[in-house]
Amino acid sequence: MVSTLRQAIGFAVCTLALGFQPLQAQHEGTANGEWRYWGGDEGSSRYAPLDQIDATNVATLEVAWRWKAANYGPEPDFIYRATPLMVNGTLYTVAGQRRAVVAIDPATGETLWMWRMRENPRWEASTRKNYGKAVAFAEVDGRGVIYTITPGYYLAALDAETGQPIPRFGLNGIVDLHLGLGDYAVHPDSGVLAFGDITASSPPIVVNGVIVVGNSHDRGYYPNKRENIPGHVRGYDARTGMLRWTFHVVPLPGEFGNDTWEDDSWSYTGNVSSWAPLSADSQRGLVFIPTDTPTNDYYGGERPGMNLYGTSLIALNAATGERVWHFQLVHHDVWNYDNPNAPKVVDVTVDGRLVPMVIETTKQGWAYVFNRETGEPVWPIEERPVAQSDLPNERTWPTQPHVTRPAAFELQGITDDDLIDFTPELRALALELAHQYRMGPLFTPPSLADAADGTKGTFVVPGANGGANIPGGSSVDPETGVLYVATERGHSVISLVPGPQRESTAEFVSTGPGGIRGPMALELLKPPYGSIVAIDLSTGDHLWRIPNGDTPASLTNHPALRGVELPTTGKRSHADILTTRSLLFYGEGRRGDPWLHAVDKRSGEEIARIALPATTNTALMTYMFHGTQYIVTAVAGPGVEAELVALRLPQ
Amino acid sequence: MPHHVVKATFLIVGLQWLGSPARAQSPDTTTSLRDGAYTEQQARRGERIYSERCAECHAREFFTETFLLSWSGVPVRLLFEVISTSMPEDRPGSLKGQQYADVLAYVFEMNGLPSGSRELSADPDRLERILIERRQ
């Protein structure tokens, strides 16, 4: 108990001697006009120091080409969350339910090659078919190699020129990622896991010749059992596909952190995946792993303890898989505050000292800022007491880390003051709705659907879709040290019911992650509904906040709001953002309107907006090719099949 | 050759829920869900679709606690637009219009709203004329 309490104080640093040398600023966004990683560079800055497109000409952007993803799967998709890479004059991306890998001409949109794995029935059983966010690239023996993780959880290495699997890698270019997971039964005929599930929804990242592979699971809102496969992180040789190391995200007996799983809960609890993209600092040999909640997102009574490394940021030695440091952002997570964004790697001067930072932007509305060499928070993160659960057998952790700086970028917790008050009638109805559930500050624990006090569940604010989240997340500008976060004012209402009521052997499960609508189908909470927030990382101060687009027609045309003066609310949608030398670009995301906005990144002032064929679906990218800057975005929407759209200035 | 962006055309495709201006309702043609706006057979079809495509994320309780209170006073068209453009989350818009209407029939049944002799249609103009109201 003493050791776990000590861990609760805050950061835990493992003093592995890696021989760190003082380094100059190295993370400066993309280089040479390329976009080599999902997040642009290995530090996922989503920043490109390009300026051909600037405030004087951005309004003239036009479509250069459109690339249709609809035929790269058994049926068209109306959602598309992939961001292409641009390396050595070729675009590489994934498309469709089978996560086909394609190479595309960056000037014309012509398909150059396509590869996909024939992997039925592993594919059939995959819980994440449509979530491949990108591929990974590395140069091996002077040749470009594309790495992809398939929906059935195979790792493939393809020749970047031809798309052909590389024979010397794994077995004819393929490594079966089920192997080495642990002692899990597999159906002999199909190869499908007989127990639990695991796959991947993000690309791997290659760091100094090691492919670091994360993973993903099915939704954990109401698992059918308390048991699942843990999302152990693994490193593979980029040349051969040989397994180099495994890092146990649920530590085994004898490993650091095993004692944070009481009652042997380490032996059956799973998840703790790293489903967001990974980031790296290859000069320091570090890879940064953001993790997910342990099995059963909203009930932890069957996993007593702090539950390392659930909902943590972990820095691993990429060569060996050894932990350098970790920080658990949420202890014994029962709010589904899994880490949604690739960590941001940037060097910023604070109080006269250049600090090598890594930043995790989160659903719970905080940006956690660390020194990436040591894991020490740049500004204090304080353990503070939080409300405790009254559920049978649930022992929520008595304290939670609270970020003291930068200030939260999203509403945290809920009170009557946060409910809409557009008219007295709407206000009264909003109160009637909200008061049927428990309200409280951040980290108010979930409760029963039929609690003894008559409530039907508990508000979680921000909720499963709130704060920073899957699509664009955040971007960091290494030239100015400014972090831009796309955030959404979403909430969940978590109501727990006995597992058997939902065909689960878990003791309790939630009825789902959704929130409730306010009266007349309006939002329950006051605006803004979607925002972009600029944060100065040298001081932690917020610089500006802008709404994600205009007030939606759903509000301006709402019969109950006639005559009501509305603020610019923005869309309740995650903006998809990209930063360049002088501009911040954003699309409004899936619940927004189909605009690409160009904003002065210093002030947040809008300079231009360009119409798109459909709304953006995920983070944008940009590159230079033959002297022309392009911006590429994946778009899709109701009735609009998935495609890439490339914009450039008139030729 | 670059395609010039035609803003107006693209914007029509991007209509969001409640994006189209509320249409004038004539009181004599508006009906209530309380009058029976779906058939029992349709609710059974909807139940099957629900268990296959919706139940993964939404327990019945999600729709039966305060759901009607939130949606009370708006036409069914709005609810239809929301679910048919945003759900299921991983494959939005992947059901046929009538299947979304069937799911709604099941949701209305869950909420104790009566069935009737006529199926709930997927036609926006007809859905516009059916009002969601709380149970009495």
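Please read all numbers here as calculations on a predicted model, not as lab measurements. (Residues numbered from 1 in each chain as written. Chains lettered and ligands numbered in written order. Predicted model: local features only at pLDDT ≥ 70, side-chain atom pairs only at ≥ 80, totals over all residues. Heavy atoms only, no water.)

**Looking at the pattern of salt bridges**
Opposite charge on two side chains makes pairing possible when the charged atoms of those side chains draw close.
Residue and element names in this part refer to chain A.
Right, on to step 1. One pass over the structure, following the stated rule, counts 43 salt bridges over all chains.
Right, on to step 2. In this structure, Asp176 engages Arg122 in a salt bridge whose closest nitrogen and oxygen atoms are separated by 2.8 Å. Here the residue Asp176 occupies a position in strand S10 (residues 174-176), and Arg122 occupies one in helix H2 (residues 122-125), the gap between them amounting to 54 residues.
Right, on to step 3. Here Asp176 falls in the partly exposed class, since its relative accessible area comes to 21%.
Right, on to step 4. The exposure class of Arg122 is buried, given its relative accessible area of 6%.
Right, on to step 5. Measuring nitrogen to oxygen at the nearest pair gives 2.8 Å for the salt bridge that ties Arg405 to Asp541. With Arg405 in the loop between strand S23 (399-403) and helix H3 (424-434) and Asp541 in the loop between strand S30 (530-536) and strand S31 (542-547), this residue pair connects regions lying 136 residues apart in the sequence.
Right, on to step 6. Classification of Arg405 by relative accessible area gives partly exposed; the value is 32%.
Right, on to step 7. For Asp541, a relative accessible area of 35% corresponds to the partly exposed category.
Right, on to step 8. One network of salt bridges, with partners in common, ties together Asp281, Arg284, Asp347, Arg372 and Glu373. (Salt bridge = Lys/Arg side-chain N within 4 Å of Asp/Glu carboxyl O. Helix = DSSP H or I, 4+ residues; strand = E, 2+ residues; numbered from the N terminus. Buried < 20%, exposed > 50% of the residue type's maximum accessible area, 1.4 Å probe, protein only.)

**Let's talk about the interface of chain A and chain B**
Right, on to step 1. Between chain A and chain B, the residue contacts involve 56 residues of the former and 38 residues of the latter.
Right, on to step 2. For the pairing of chain A and chain B, the buried interface totals around 4100 Å² over both sides, and the portion due to carbon and sulfur atoms is 55%.
Right, on to step 3. Ranking the residues of chain A by area buried against chain B places Arg219, Arg517 and Pro638 of chain A at the top, with a combined share of 13%.
Right, on to step 4. Seen at the junction of chain A and chain B, the total is 3 salt bridges.
Right, on to step 5. Here chain A and chain B share 14 residue pairs in polar contact (both at pLDDT 80 or more) between them.
Right, on to step 6. Breaking the side of chain A that touches chain B down by element, the ones donating at least two residues are strand S2 (62-68), H3, helix H4 (553-556), strand S35 (606-611) and strand S38 (640-648) of chain A.
Right, on to step 7. Its residues assigned to classes, the side of chain A that touches chain B comprises 26 nonpolar, 14 polar and 16 charged. (Contact = heavy atoms within 4.5 Å. Buried area = accessible area lost by both parts, 1.4 Å probe. Polar contact = N/O pair within 3.5 Å; in protein donor to acceptor, adjacent residues only side chain to side chain. Nonpolar A, V, L, I, M, F, W, Y, C, P; charged D, E, K, R; others polar.)

**Re the pairing of strand S18 (residues 323-328) of chain A**
All names here are of chain A.
Right, on to step 1. Taking burial as the measure, the 6 residues of S18 include 6 buried ones, the bulk of the element.
Right, on to step 2. Relative to S18, strand S17 (residues 312-317) runs antiparallel, the two being bridged by 5 bridges. Opposite Ile314, over in S18, you have His326 as the bridge partner.
Right, on to step 3. The loop that links S17 with its antiparallel partner S18 comprises 5 residues; one of these, Gly321, has a positive phi angle of about 80 degrees. (Pairing = 2+ DSSP bridges.)

**Some remarks on the packing of helix H2 (residues 40-54) of chain B against helix H6 (residues 97-110) of chain B**
Residues and elements named next belong to chain B.
Right, on to step 1. Put simply, H2 and H6 touch, their axes get as near as 7 Å, and they point 100 degrees apart. As the angle between them shows, H2 and H6 are arranged roughly perpendicular. Between H2 and H6, the residues in contact are Glu40, Gln42, Ala43, Arg44, Arg45, Gly46, Glu47, Ile49, Tyr50 and Cys54 and Gln98, Gln99, Ala101, Asp102, Val103, Ala105, Tyr106, Glu109 and Met110, respectively.
Right, on to step 2. Looking at side-chain class alone, the contact of H2 with H6 contains 9 nonpolar, 4 polar and 6 charged residues. (Axes fitted to C-alpha atoms, helices over the stretch in contact; angles between N-to-C directions. Parallel < 35°, antiparallel > 145°, perpendicular 65-115°, else oblique.)

**Examining the packing of helix H5 (residues 76-86) of chain B against H6 of chain B**
All names here are of chain B.
Right, on to step 1. Interhelical geometry of H5 versus H6 gives an angle of 120 degrees and a closest axis separation of 10 Å. Seen along the crossing, H5 lies across H6 with a hand that is right-handed. Counted together, Val76, Leu79, Phe80, Ile83 and Ser84 of H5 and Gly97, Tyr100, Ala101, Leu104 and Phe108 of H6 form the full contact between these two elements. (Left-handed = near helix turned anticlockwise from the far one by under 90°.)

**Observations concerning the nonpolar core**
Right, on to step 1. If you look at the biggest cluster of nonpolar residues, it comprises 67 residues, and the most contacted ones within it are Val58, Leu61, Trp65, Trp67, Tyr80, Phe585 and Tyr623 of chain A.
Right, on to step 2. Grouped together as the second largest cluster of nonpolar side chains are 57 residues, Met520 of chain A together with Ala37, Val107 and Leu113 of chain B included. (Core = buried A, V, L, I, M, F, W, Y, C linked by side-chain atoms within 4.5 Å.)

**Topic: the side chain of Asn271 of chain A**
Residue and element names in this part refer to chain A.
Right, on to step 1. Its location among the elements puts Asn271 in the loop between strand S14 (243-247) and strand S15 (279-281).
Right, on to step 2. At a separation of 2.8 Å, a polar atom in the side chain of Asn271 contacts the side chain of Thr295.
Right, on to step 3. Once you skip the residues sitting within four places of it in the chain, Asn271 turns out to touch His217, Asp218, Asn228, Ile229, Pro230, Gly231, Val249, Asp292, Thr293, Pro294 and Thr295.

**Digging into empty space enclosed by the protein**
Residues and elements named next belong to chain A.
Right, on to step 1. Throughout the structure, instances matching the rule amount to 8 cavities of 30 Å³ or more.
Right, on to step 2. Considering the residues around the largest cavity, the lining is formed by 17 residues, among which Tyr37, Trp38, Pro203, Pro204 and Ile205 are closest to the centre.
Right, on to step 3. Listed by contribution, the elements that provide at least two residues to the lining of the largest cavity are strand S7 (136-140) and strand S11 (205-207).
Right, on to step 4. Among the residues forming the lining of the largest cavity, the class breakdown is 12 nonpolar, 2 polar and 3 charged.
Right, on to step 5. Each pocket or cavity is described by its volume, and for the second largest cavity that value is around 60 Å³.
Right, on to step 6. Lining the second largest cavity we find Tyr80, Arg81, Ala82, Val94, Ala95, Gly96, Arg99, Lys129, Asn130, Tyr131 and Gly132. (1 Å grid on protein atoms, 1.4 Å probe; cavity = no way out; pocket = protein on both sides within 12 Å on 5 of 7 lines; lining within 4 Å. Points joined across faces, edges and corners; volume = space filled by probe spheres on them.)

**Topic: the layout of surface pockets**
All names here are of chain A.
Right, on to step 1. Space inside the second largest pocket adds up to approximately 540 Å³.
Right, on to step 2. Taken together, 25 residues form the lining of the second largest pocket, with Arg36, Tyr37, Asp41, Glu42 and Ser282 sitting closest to its centre.
Right, on to step 3. At the level of elements, S7 and S11 are the ones that each hand at least two residues to the lining of the second largest pocket.
Right, on to step 4. The dominant element in the lining of the second largest pocket, judged by the number of residues it contributes, is S7, at 3 residues.

**What about the sheet that holds strand S9 (residues 154-159) of chain A?**
Residues and elements named next belong to chain A.
Right, on to step 1. Strand order in the open sheet formed by 4 strands is S7-S8-S9-S10, with antiparallel pairing between adjacent strands. On the outer flanks of this sheet lie S7 and S10, each paired with one strand and no other. The average angle at which neighbouring strand axes cross in this sheet is 20 degrees, direction not considered.
Right, on to step 2. Relative to S9, strand S8 (residues 143-149) is paired through 5 bridges, and the arrangement is antiparallel. Across the sheet, the residue bridging to Ile146 is Leu158, located in S9.

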